[in-house]
Amino acid sequence: MGETPRLIATDIDGTLIRDDHTVSPHTADVLARISARGTPVVLVTGRPVRWLKMVYDQLAEPLPAVCANGAVVYDPFEDEVLRADPLAPQHLAEVARRLRAEVPGIAFAVEILDSREMRHEKLYPLRWDADHEAIRLVETPEELLSVPAVKLLVRAGEQDPDAFAALVGAVVAGVAEATHSSSSGLVEISAAGVTKAAGLDWYCDRLGVAAADVLAFGDMPNDVPMLTWAGRGVAVANAHRAVLEIADEVTTANSEDGVAAYLEKVFGLS
């Protein structure tokens, strides 16, 4: 990568935003100044599309987003999904069959309609937008797995997140991708080949930007493909050890505006 990157890609939770889920005014200002210079800034997140508004409301203007760990590329200005790469119903069924056979007490939810809506089994614990109108309980496993899903969410009670992700990944190997970005034992499953890197690569190709010219920030295992793909991958200081091990550099923690601090140095902002 040259001195100045041609595109900035950043994870949201644990990376760009603080632990209270807010974007600091300083970070919002830095992103706006970089965008005004003509350098694209892209959010690359495990979040569904429906969870972007709370971030956009804190920014000077919305930013393009690669959502659902790479399965959805979203244009907020047109409210348009530019690309979606969901798990087909037959693959959902196969993944669920394998996991039910291997993991006691497993429960599923799915992100559908390009992650604008979520469906879940009765045993799946809702921890965030439980009362949101886009969230619905389904009565049967067949109904849950009957439509394409950009992400399958898996829980089995309280689990060590790394160990559980490794177990699920081994069970679904060859059929789907498994990763995690939480500390609560949630594993996120995508279609084979779908990662943050793959979704961002598609978007960058659309803009004519090479991987070597991308500067990317992240903090959790689901960011590893993106950080290794990008010309420069930067971890925040609070990152998971798997991210710290592969990062080219480390900036300060998300609570200290680490992304903004790094970008100020790169772009010579003051």
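All figures in this text were calculated on a predicted structure; none of them were measured in a lab.

Calculation rules
- Residues numbered from 1 in each chain as written.
- Predicted model: local features only at pLDDT ≥ 70, side-chain atom pairs only at ≥ 80, totals over all residues.
- Heavy atoms only, no water.
- Axes fitted to C-alpha atoms, helices over the stretch in contact; angles between N-to-C directions.
- Helix = DSSP H or I, 4+ residues; strand = E, 2+ residues; numbered from the N terminus.
- Left-handed = near helix turned anticlockwise from the far one by under 90°.
- Contact = heavy atoms within 4.5 Å.
- Nonpolar A, V, L, I, M, F, W, Y, C, P; charged D, E, K, R; others polar.
- Pairing = 2+ DSSP bridges.

Draft legend 1. A look at the packing of helix α1 (residues 25–36) against helix α9 (residues 258–267). In contact at an axis separation of 9 Å, α1 and α9 are set at 35 degrees when each is read in the N-to-C sense. Between α1 and α9 the crossing geometry is left-handed. Listed contacts from α9 to H26, T27, V30, L31 and I34 of α1 are A260, L263, E264 and F267. Here the residues of the contact of α1 with α9 are counted per class, giving six nonpolar, two polar and one charged.

Draft legend 2. Seen up close, the environment of A93. Looking at where A93 falls in the secondary structure, it is placed in helix α3 (residues 89–102). Sequence separation of A93 and E142 is 49 residues, and the distance between their C-alpha atoms is 8.3 Å.

Draft legend 3. Structural context of the sheet that holds strand β11 (residues 187–191). Across the sheet, which stays open at both edges, the six strands sit in the order β8-β7-β6-β9-β11-β10 with mixed pairing between neighbours. Taken across any chain shown, the strands that pair with only one partner, and hence form the sheet edges, are β8 (135–137) and β10 (176–179). The mean inter-strand angle of the sheet, taken between neighbouring strand axes irrespective of direction, is 25 degrees. With four bridges joining them, β10 and β11 adopt antiparallel strand pairing. Residue E177 lies in a different strand from β11, and its bridge partner there is S190. Across the sheet, α3 lies against β6 (107–112), β9 (149–155), β10 and β11, angled at about 10 degrees from β9, the strand it touches most. Against the sheet, helix α5 (residues 161–172) makes contact with β9, β10 and β11, and its axis sits at roughly 25 degrees relative to β11, the strand it touches most.

Draft legend 4. Structural detail: the sheet that holds strand β13 (residues 232–236). Taken in spatial order, the eight strands make up an open sheet running β5-β4-β3-β2-β1-β12-β13-β14, and their pairing is mixed. Looking at the sheet topology across the chains shown, the edges are occupied by β5 (80–84) and β14 (249–251). Averaged over neighbouring strand pairs, the angle between their axes works out to 25 degrees when direction is ignored. As judged from the four bridges shared by strand β12 (residues 214–218) and β13, these two strands associate in the parallel manner.

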